[in-house]
Amino acid sequence: MAEIPETVNNEEKDPALEGSESAAAPSADELLKEDIYESAVYKRSRRSYVIQCMVEYFITLTVTDAFLVKLLKYMGFDDAKIGIISSLCSMAFLFQLLSMLITRTRVCRKTVIMIADIISQLLLSSLFLIPFLPFGTTNKLIIMIAVLFANGLWYLMYSTTFQWANSNVDPHKRASFSATKEIISLITGIVYTLAIGWMFDFFEAQGSIQTAFVWASVIMFTCCVADFICLLLIRKDTPEERGDKKSFREILRHTLGVKNFRSIVYLTVLWEFGRYFSIGFLGTLKTEDLSMNVLLIQIVNIGAALCRMFASRPFGKYSDRTSFAHGIKLALLFAAGSFAAVILTTKATWYMIIAQAALMAVCMAGFNANSFNIVYSYVDAHYVPEAMAIKNSIGGVCGFLSSLIASRILAAVQANGNTVFGIQLFGQQLLACVSLLLMLAAFLFTHFVITRQKVMVQ
């Protein structure tokens, strides 16, 4: 996630910082700091963070894509509503704005993070138990939305957790650490999704999909316990690391008041709007229109995870050699290819959905880490959590609004017999056309604007 001070090709370094980047030997303080990162408590913290991210990833996998579609279909929701609900997590990013209230205090970050995390993960784990509640469909929908928004507690601490956990990683090794952490999550996630996918298909074939829901909840609750233990084992932050109390005016001046950072926000808006215009509706395309079963979908997802795993380190090396912005540019090309694959997907060419999954997985291998790291290039390190919160919140709102617009278009296309201007197509294909155009716009914006900005090395 966060990473190495970047070098640049087309981007100029900040002259104000250039003088401190000579080839001189590391100072005594720097050598001492390197020794600290090799201490037992720092190593334990890094290992715990890796495992915590892994089990948290398991929970995320269980409440996305085909599994969530199965739950929502069982509860009687149509494709348009499913797409909106699937995109609700993007709105949860709004909670990150509240994280600025926490950063203005000097409370122990570890304590607050642990409380917010366990509540959030427990609520999310209860999602598959909602069908068993003695309420009507409308009330169940309200409860589900409430649970998804309650999961915003995790997003409330998202940027703070990121900074706290990564404080145990040598700044010169953050890119490699992030790649390793992601690879471990992806490898174990492959086994996990294969097992969960088989379980869903097994019970559905027996006409007892409800049993799969119960087991999914049990598994997620187990992951919650493991998640909590891992957080306990991460080193407690010191008062010095929490920094000084910051005013809102000061936060805004060092974030949105910085022109180069605003460019990152504009890029995030294009990315989130384009992504959520299609991504939340692909689950129903797979299960309903293409008649793919859960196990097959998970096999495709496993293949995609392998692609992401193998692309993770090369992407990291490419970004370290060039810049975070160039890494984002490359990732956006893969995203454009992914949506192009959706456009070409029909019942006869259903296999194009495999290309879609693989290309998007490779895109995420590059975009996620670089979009986190690039904030360090334009915002003072003391304001990075707030900058990430602002960026992600704005992007999340745009992503959700995008899904609302897309759901209306999808419903209209389906009501017209999946026909647009006399052309027979799936509504998701039309949505993918818009997503493709927005990905290309984001690529051009990154190329002509962001890659030409001066970069802070910190």
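It should be noted that the structure appears before, not after, this text.
Residues numbered from 1 in each chain as written. Predicted model: local features only at pLDDT ≥ 70, side-chain atom pairs only at ≥ 80, totals over all residues. Heavy atoms only, no water.

1. Some points on the overall build of the protein chain
Within the protein chain, the regular secondary structure consists of 23 helices and 2 strands. For the protein chain, with 458 residues in total, the buried portion stands at 53%. Taking the intrachain contacts of the protein chain between residues at least 6 apart in sequence as the baseline, contacts between residues at least 24 apart amount to 86%. Of the roughly 19,100 Å² of accessible surface on the protein chain, 67% is carried by carbon and sulfur atoms. (Helix = DSSP H or I, 4+ residues; strand = E, 2+ residues; numbered from the N terminus. Buried < 20%, exposed > 50% of the residue type's maximum accessible area, 1.4 Å probe, protein only. Contact = heavy atoms within 4.5 Å. Areas by Shrake-Rupley, 256 points an atom, 1.4 Å probe, with all protein chains shown as cover.)

2. So, the packing of aromatic side chains
Per the counting criterion, the structure on display carries 14 aromatic pairs. Pairing F128 with F213 gives two aromatic rings, centres 5.7 Å apart and planes at 40°, and the pair type is tilted. With F128 in the loop between α8 (109–125) and α9 (137–150) and F213 in helix α13 (residues 209–233), this residue pair connects regions lying 85 residues apart in the sequence. Note on accessibility: F128 and F213 belong to one class, buried. Three or more aromatic residues joined by ring pairs make a cluster, and in this case those are F67, Y74, F128, F200 and F213. (Phe/Tyr/Trp six-rings, centres within 6.5 Å; stacked < 30°, edge-to-face > 60°.)

3. Structural notes on the pattern of salt bridges
A side chain of one charge can pair with a side chain of the opposite charge if their charged atoms are brought near each other. Tallied over the full model, the rule gives 4 salt bridges. The salt bridge partner of E38 is K43, with a shortest N-O separation of 3.8 Å. With relative accessibility at 43%, the residue E38 sits in the partly exposed group. What makes K43 partly exposed here is its relative accessible area of 34%. (Salt bridge = Lys/Arg side-chain N within 4 Å of Asp/Glu carboxyl O.)

4. What to know about the nonpolar core
Counting residues in hydrophobic clusters, the biggest one holds 90 residues, and the most contacted among them are L127, F128, M144 and F200. In terms of residue count, helix α20 (residues 352–373) provides more of this core than any other element does, 10 residues in total. If we ignore the near neighbours within four places in the chain, the residues touching F200 are F67, K70, F128, I209, A212, F213, A216 and V294. M114, L156, W164 and L231 belong to the second largest nonpolar core, which has 14 residues in total. (Core = buried A, V, L, I, M, F, W, Y, C linked by side-chain atoms within 4.5 Å.)

5. Concerning unusual backbone geometry
With a phi angle near 55°, S291 is a residue other than glycine that sits in the positive phi range. Its place among the elements puts S291 in the loop between α17 (282–289) and α18 (294–321). The phi dihedral of N418 falls on the positive side, at around 55°, and the residue is not glycine. Within the secondary structure layout, N418 lies in the loop between α22 (384–415) and β1 (419–420).

6. Some details on a nonpolar patch on the surface
A contiguous nonpolar surface patch, about 570 Å² in accessible area, is contributed by L122, L129, F132, V214, W215, V218 and F221. The leading source of residues in the nonpolar patch is α13, at 4 residues. On the basis of relative accessible area, W215 is assigned to the partly exposed category, the value being 44%. (Patch = residues over 30% accessible without salt bridge, like charges linked within 9 Å, V, L, I, M, F, W, Y side chains within 5 Å.)

7. Focus on the packing of α18 against α20
At a minimum axis separation of 8 Å, α18 and α20 run at an interaxial angle of 35°. Between α18 and α20 lies a crossing of right-handed hand. Residues V300, A304, C307, R308, A311, S312, F315 and S319 of α18 form the contact with α20, whose participating residues are I353, I354, A357, A358, A361, V362, M364, A365, G366, N368 and N370. In the contact of α18 with α20, the residues fall into 13 nonpolar, 5 polar and 1 charged. (Axes fitted to C-alpha atoms, helices over the stretch in contact; angles between N-to-C directions. Left-handed = near helix turned anticlockwise from the far one by under 90°. Nonpolar A, V, L, I, M, F, W, Y, C, P; charged D, E, K, R; others polar.)

8. Some thoughts on the environment of S120
The topology assignment puts S120 in helix α8. Under the relative-accessibility criterion, S120 is labelled buried at 0%. A sequence separation of 28 residues divides S120 from L148, and the C-alpha atoms of the two residues are 9.0 Å apart.

9. With respect to the side chain of S323
Here S323 lies in the loop between α18 and α19 (324–343). Among the polar contacts made by the side chain of S323, one reaches the side chain of H326 at a distance of 2.7 Å. (Polar contact = N/O pair within 3.5 Å; in protein donor to acceptor, adjacent residues only side chain to side chain.)

10. Considerations on the environment of T188
Looking at the element boundaries, T188 is found in helix α12 (residues 174–205). Those residues within four positions of T188 in sequence are excluded, and the remaining contacts are M54 and F58. One polar contact links the side chain of T188 to the main-chain carbonyl oxygen of S185, over a distance of 3.1 Å.

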